[in-house]
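# Structure at a glance
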Amino acid sequence: MHIISHEHIFAEERPFLACHASSLVELADGGFLVVWFGGTRESGDDVAIWSARRGAAGGWSAPQLVAKVEESAHWNPVIFRAANGQVHLWFKVGPKIPTWRTYTAVSDDGGERWSAPVALVPGDTGGRGPVKNKPILLADGAWLAGASLETATDWDAFVDRSEDGGVTWQATPLIPLDRSRCSGNGVIQPTLWESAPGHAHMLLRGTGGRVCRSDSTDGGRTWSEIVPTDLPNNNSGLDVARLADGRLALICNPVESRARTPLSLLFSRDNGQSWPERIDLETEPGEYSYPAIIATADGGLAVTYTWQRERIVWVRLAPQSAG
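Residues numbered from 1 in each chain as written. Predicted model: local features only at pLDDT ≥ 70, side-chain atom pairs only at ≥ 80, totals over all residues. Heavy atoms only, no water.

### Description of the overall build of the protein chain
A tally of regular secondary structure across the protein chain gives zero helices and 24 strands. The C-alpha radius of gyration of the protein chain comes to 18 Å, within 12% of the 20 Å expected for a compact globule of 323 residues. Seen through its C-alpha atoms, the protein chain measures out along the principal axes to roughly 55 × 45 × 40 Å. The buried share of the protein chain, taken over its 323 residues, is 57%. About 12600 Å² of surface is accessible on the protein chain, with carbon and sulfur atoms providing 51% of the total. (Helix = DSSP H or I, 4+ residues; strand = E, 2+ residues; numbered from the N terminus. Rg over C-alpha atoms; globule rule 2.2 N^0.38 Å. Buried < 20%, exposed > 50% of the residue type's maximum accessible area, 1.4 Å probe, protein only. Areas by Shrake-Rupley, 256 points an atom, 1.4 Å probe, with all protein chains shown as cover.)

Structure (structure tokens):
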């Protein structure tokens, strides 16, 4: 892979001071849609969900307000483009993470207009559906979303599965975690892929200094005990995309320290057992965090991430040409 575009989606003129937690999809016309949360500061009552579109020929639209359901913090928007072209949005609302409620909306025109947000699971608190990373479409047609719960002392992960195109969701039990192997609070924010029909896998953000992993052989209904991998993790978000050739691309901060730099792409040819290839996207001191990654129709990758809590960066990578 090589980088063909690396740009800020917006500059200093923006309708918010801080922004974070982006998500992206490729649109049918070859353009891209990106969403994030923005406001005065993370957890502020004025934080809302924003978006921007990139045309197939390049250039970003101005940030557009997508959702603000009440005067309370909005968090972690996630978007996913269904097979019929409809774009689904999920985001959290609430002042504190244990009080989060998940809302969802849909767009039939690539993010120009959205339906009124509604509760994903009425009455739920704590957060259902995608917590940070995109759902995946399984070979059997189900959608699988990585989810997690956070309290002051315990972090735990689970998976939500939908067999009706995101209308209803069935949550798994919390995935087993031996806390003696993961110091601190635990694990959150799974990122998922499917290596063969029914064989799903996840990597997780953890507080023990390592990326953690779990695997499923029944389409995400049950999962193996979460275990630490050899990959360092600084208790910050990560995301995975599976390329058409079977390779995995992982974007993360591959360090144990609390620093959220560097931000790097790692590649695996053995279903995540080893990650020998690396491309650094950011190496200077600062915060480069909460990345999102998707495989693109041309066999490449598209990435977004937070830059210094002030901007969202978009990166496009293309496959290496033969010869």
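Still more to cover.
### Concerning the pattern of salt bridges
In the structure shown here, the tally under the stated rule is 22 salt bridges. With a closest N to O distance of 2.8 Å, Glu70 and Arg101 form a salt bridge. With Glu70 in the loop between β5 (64–67) and β6 (74–81) and Arg101 in strand β8 (residues 101–107), this residue pair connects regions lying 31 residues apart in the sequence. We classify Arg101 as partly exposed; its relative accessible area is 24%. It is possible to trace a salt-bridge network through shared partners that takes in Glu42, Arg260, Glu287 and Arg309. (Salt bridge = Lys/Arg side-chain N within 4 Å of Asp/Glu carboxyl O.)

### Focus: the packing of aromatic side chains
Using the criterion set out here, one finds 13 aromatic pairs in the structure. With a centroid separation of 6.1 Å and an interplanar angle of 85 degrees, the aromatic rings of Trp90 and Trp169 are classed as edge-to-face. In this pair, Trp90 sits in strand β7 (residues 87–93) while Trp169 sits in the loop between β12 (155–162) and β13 (170–171), placing the two residues 79 residues apart along the sequence. Note on Trp90: relative accessible area 0%, which makes it buried. With 6.0 Å between their ring centres and 15 degrees between their planes, Phe91 and Tyr103 make a pair best called stacked. Within this pair, whereas Phe91 is found in strand β7, its partner Tyr103 is found in strand β8, the two being separated by 12 residues in sequence. For Tyr103, a relative accessible area of 15% corresponds to the buried category. A connected cluster of aromatic rings, assembled from ring pairs, spans Phe10, Phe16, Trp36 and Trp50. Between the NZ or CZ atom of Lys132 and the centre of the ring of Tyr290, over which it lies, the distance is 5.6 Å. (Phe/Tyr/Trp six-rings, centres within 6.5 Å; stacked < 30°, edge-to-face > 60°. Lys NZ or Arg CZ within 6 Å of the ring centre and 35° of its normal.)

### Focus on the sheet that holds strand β24 (residues 311–318)
Strands sit in the order β1-β24-β23-β22 across an open sheet of four strands; the sheet is antiparallel. For this open sheet the edge positions go to β1 (2–8) and β22 (288–295), each flanked by a neighbour on one side alone. Between one strand and the next, the sheet's axes are offset by a mean angle of 20 degrees, whatever the strand orientation. In terms of strand pairing, strand β23 (residues 301–307) meets β24 through seven bridges, oriented antiparallel. Residue pairing across strands places Leu301 opposite Leu317, the latter belonging to β24. (Pairing = 2+ DSSP bridges. Axes fitted to C-alpha atoms, helices over the stretch in contact; angles between N-to-C directions.)

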